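# Examination of the molecular architecture
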Amino acid sequence: MDYDTYGSNAVELAIHLANADRASDPDWAAAFLRAHDEWFTPETALDLSPAETRRAAATADLVRAVAVADSQDDVIARLNELLALARPHPYATDHDGELHLHYARPDAPVLDQLTTTVAMGLSQVVAQHGWQRLGVCSAETCDDVYVDTSRNASRRYCSNTCASRSTVAAYRARRKA
């Protein structure tokens with residue numbers, strides 16, 4: 001599957017947000033933003049209030065809801081809910097030497113930049129490549145979401161690590177039986 005670099009990176013940002021570990025760190029959202037600060041204009045404040053952290057969690061939940069939906073109607077409903085939070089104001093830039101679009105205005109608050117970027121990136125992949133390209137890892141101990149970029153849309157695991165663990169577990173179960 002081939003999709004544009006900026007859009008694919010926006011989808012990866014959405015996937016990372018959906019898979020962020022929120023349970024172990026109450027300051028998870030600010031840590032996430034700092035880890036992905038290349039997405040935000042340099043003067044953007046990355047510290048969040050507790051209410052903003054809850055909004056970031058709601059955005060993460062919506063990305064996950066799109067990925068776990070089991071029908072096109074569900075995907076459309078959940079994606080539209082996510083898009084309703086977006087405040088797109090696209091603009092062209094060549095700040096990195098390559099002409100491309102950004103989805104949110106550069107002076108927007110960090111949550112607007114984040115939500116708009118993940119909503120637009122995710123919606124482009126769903127609209128251009130189909131909702132079935134989003135999935136949840138099939139490994140027993142993993143519930144991470146992923147975008148299937150395989151040629152024949154056959155991906156079942158979020159990573160090679162999960163695929164290998166599942167293969168080894170199945171092999172050991174067969175040997176034991």
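Located above this text is the structure these notes cover.
Procedures and definitions
- Residues numbered from 1 in each chain as written.
- Predicted model: local features only at pLDDT ≥ 70, side-chain atom pairs only at ≥ 80, totals over all residues.
- Heavy atoms only, no water.
- Axes fitted to C-alpha atoms, helices over the stretch in contact; angles between N-to-C directions.
- Helix = DSSP H or I, 4+ residues; strand = E, 2+ residues; numbered from the N terminus.
- Parallel < 35°, antiparallel > 145°, perpendicular 65-115°, else oblique.
- Left-handed = near helix turned anticlockwise from the far one by under 90°.
- Contact = heavy atoms within 4.5 Å.
- Buried < 20%, exposed > 50% of the residue type's maximum accessible area, 1.4 Å probe, protein only.
- Expected span 1.5 Å × (residues − 1).
- Arc of directions from axis to C-beta.
- Phe/Tyr/Trp six-rings, centres within 6.5 Å; stacked < 30°, edge-to-face > 60°.
- Lys NZ or Arg CZ within 6 Å of the ring centre and 35° of its normal.
- Salt bridge = Lys/Arg side-chain N within 4 Å of Asp/Glu carboxyl O.

### Description of the packing of helix α4 (residues 72-85) against helix α5 (residues 110-129)
Packing of α4 against α5 leaves a shortest axis separation of 8 Å and a crossing angle of 150°. Between α4 and α5, the angle falls in the class roughly antiparallel. As for the relative orientation of α4 and α5, their crossing is left-handed in sense. Every residue of α5 that contacts α4 at Val75, Leu79, Leu82, Leu83 and Leu85 is listed here: Thr115, Ala119, Met120, Leu122, Ser123 and Val126.

### Considerations on the side chain of Thr53
You can see Thr53 is positioned in helix α3 (residues 50-68). On the basis of relative accessible area, Thr53 is assigned to the buried category, the value being 13%.

### So, α4
The periodicity of an α-helix, 3.6 residues per turn, causes residues three or four positions apart to be oriented the same way. For α4, built from 14 residues, the straight-helix expectation of 20 Å at 1.5 Å per residue is met to within 8% by its first-to-last C-alpha distance of 20 Å. Of all the residues in α4, the buried ones are Val75, Leu79 and Leu82. The buried side chains of α4 occupy one side of the element, clustering within an arc of 55° when seen end-on. For α4, the exposed residues lying more than 90 degrees away from the buried face are Asp73 and Ala84. Close packing links the buried residues of α4 with α3 and α5.

### Observations concerning the environment of Ser71
Its location among the elements puts Ser71 in the loop between α3 and α4. Judged by its relative accessible area of 25%, Ser71 is partly exposed. For the pair formed by Ser71 and Gln132, sequence separation is 61 residues and the distance between their alpha carbons is 8.6 Å.

### Details of the packing of aromatic side chains
Evaluation of the coordinates by the stated rule reveals 0 aromatic pairs. The ring centre of Trp28 lies 5.7 Å from the NZ or CZ of Arg22, which sits over that ring.

### Regarding the pattern of salt bridges
Enumeration over the complete set of coordinates arrives at 7 salt bridges. When the shortest N-O distance is used, the salt bridge between Asp61 and Arg22 registers 2.6 Å. Of this pair, Asp61 sits in helix α3 while Arg22 sits in the loop between α1 (5-18) and α2 (28-35), and the two are 39 residues apart along the sequence. You can call Asp61 partly exposed: its relative accessible area is 41%. By relative accessible area, which is 25% here, Arg22 ends up partly exposed. Among the charged side chains, a salt-bridge network with shared partners connects Asp27, Arg34 and Asp47.

Geometry only, nothing functional implied.
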